[in-house]
Amino acid sequence: MLTVDYDLLDLRAGMTVLDLGCGEGRHAFEAYRRGASVIAVDWGQSEVETTKRWLGAIGAAGEAPEQARFEVVRGDLLALPVPDASVDRVMASEVLEHIPDDVTAMAEIARVLKPGGRVAVTVPRYGPERICWALSDEYHANEGGHIRIYRRDVVRTRLASVGLVPGETHHAHALHAPYWWLKCAVGVERDAAIVRAYHRMLVWDLTKRPWLTRTAERVLDPVFGKSLVVYADKPAVARQDSGSAGGGPSEWERTAAAR
């Protein structure tokens, strides 16, 4: 289940892509399959191990081009283990709402992006998220939970404050919003029949991709899509080297190639 639109991100084979808060790797997998050199970063050790294992399996199965590379590291989003101006694209999906100092995390994104690079930031959308908070404290008030609810203008303003230029936005996963409303209404940890039934429908939609639910989600995303996605660019500047987006190898790529 992808939240980022890879066409709007303009992700191309040969680019170096940083997946922040990668979780269990869903966005990293697709970037790798598209021929990118992927750096996936998460603080959770189990998430790092799972993502590394699955990326290895994708490569072993021949599902990624030969030139594609990957590395998975445990790292802090407030001090990324990545050199300045070394990546072409960044994905930060459903992670900033967990970070108290989100502006510093955004500044780190701006630091590691090459001039002309692009980031896709996704966060829970204000309306659907506010309903979840109203229905259940358990949903968000826990260790590592959501500490804020973003409005679109706040995301754009904070990205601009670190020197990035916000661009297109859209919403995603409208069919998932009612699922979380149901869970919050009956109890997040409660195994209720209605929640199980709705979850089965979501799994069916994910695996079968039927016309009915795909059309319904496209129509409903602007109304109550669960996620807000904002794309932003780092302004291009004149450079003397060949490391522009999609161009020569970055420092990370040279290091990986030497291993």
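What you see is a predicted model, and the numbers here were worked out from it, not measured in a lab.

Cut-off values and rules
- Residues numbered from 1 in each chain as written.
- Predicted model: local features only at pLDDT ≥ 70, side-chain atom pairs only at ≥ 80, totals over all residues.
- Heavy atoms only, no water.
- Phe/Tyr/Trp six-rings, centres within 6.5 Å; stacked < 30°, edge-to-face > 60°.
- Helix = DSSP H or I, 4+ residues; strand = E, 2+ residues; numbered from the N terminus.
- Buried < 20%, exposed > 50% of the residue type's maximum accessible area, 1.4 Å probe, protein only.
- Lys NZ or Arg CZ within 6 Å of the ring centre and 35° of its normal.
- Pairing = 2+ DSSP bridges.
- Axes fitted to C-alpha atoms, helices over the stretch in contact; angles between N-to-C directions.
- Contact = heavy atoms within 4.5 Å.
- Parallel < 35°, antiparallel > 145°, perpendicular 65-115°, else oblique.
- Nonpolar A, V, L, I, M, F, W, Y, C, P; charged D, E, K, R; others polar.

## What about the packing of aromatic side chains?
Using the criterion set out here, one finds 5 aromatic pairs in the structure. Ring plane angle 75° and centroid distance 5.4 Å describe the contact between Tyr-32 and Phe-70, whose orientation is recorded as edge-to-face. With a gap of 38 residues between them, Tyr-32 in helix H2 (residues 26-33) and Phe-70 in strand S3 (residues 69-74) connect regions that are remote in the sequence. Overall, Tyr-32 belongs to the buried group, its relative accessible area being 7%. What makes Phe-70 partly exposed here is its relative accessible area of 29%. Between Tyr-139 and Trp-180, the aromatic rings sit 5.8 Å apart at their centres with planes inclined by 65°, giving edge-to-face as the arrangement. You can see Tyr-139 sitting in the loop between helix H5 (126-135) and helix H6 (152-161) and its partner Trp-180 sitting in helix H7 (residues 176-186), a full 41 residues away along the chain. Given a relative accessible area of 28%, Trp-180 falls into the partly exposed group. In this arrangement the basic side chain of Arg-74 is found over the ring face of Trp-43, its NZ or CZ atom lying 3.9 Å from the centre. Above the face of the Tyr-126 ring, Arg-151 is positioned so that its terminal group lies 3.8 Å from the ring centre.

## Notes on the sheet that holds strand S7 (residues 227-233)
Pairing is mixed across the open sheet formed by 7 strands, whose spatial order is S3-S2-S1-S4-S5-S7-S6. For this open sheet the edge positions go to S3 and strand S6 (165-172), each flanked by a neighbour on one side alone. Taken pair by pair, the neighbouring strands of this sheet meet at an average axis angle of 15°, ignoring direction. Where strand S5 (residues 113-124) meets S7, 7 bridges bridge the pair, whose relative direction is antiparallel. Residue pairing for S7: Pro-124 is matched across the bridge by Ser-227. Contacts from helix H3 (residues 45-60) reach strand S2 (37-42) and S3 within the one sheet, and its direction differs from that of S3 by about 170°.

## Observations concerning the packing of H5 against H7
Packing of H5 against H7 brings their axes to within 8 Å, and their N-to-C directions diverge by 10°. When the axes of H5 and H7 are compared, the pair comes out roughly parallel. Of H7, the residues touching H5 (which contributes Pro-128, Ile-131, Cys-132 and Leu-135) are Ala-177, Trp-180, Trp-181, Cys-184 and Ala-185. For the contact of H5 with H7, the class distribution of residues is 9 nonpolar, no polar and no charged.

## Examining the environment of Ala-197
You can see Ala-197 is positioned in helix H8 (residues 193-208). Taking relative accessible area as the criterion, Ala-197 reaches 36% and is therefore assigned partly exposed. Separated by 45 residues in sequence, Ala-197 and Arg-152 place their C-alpha atoms 32 Å apart.

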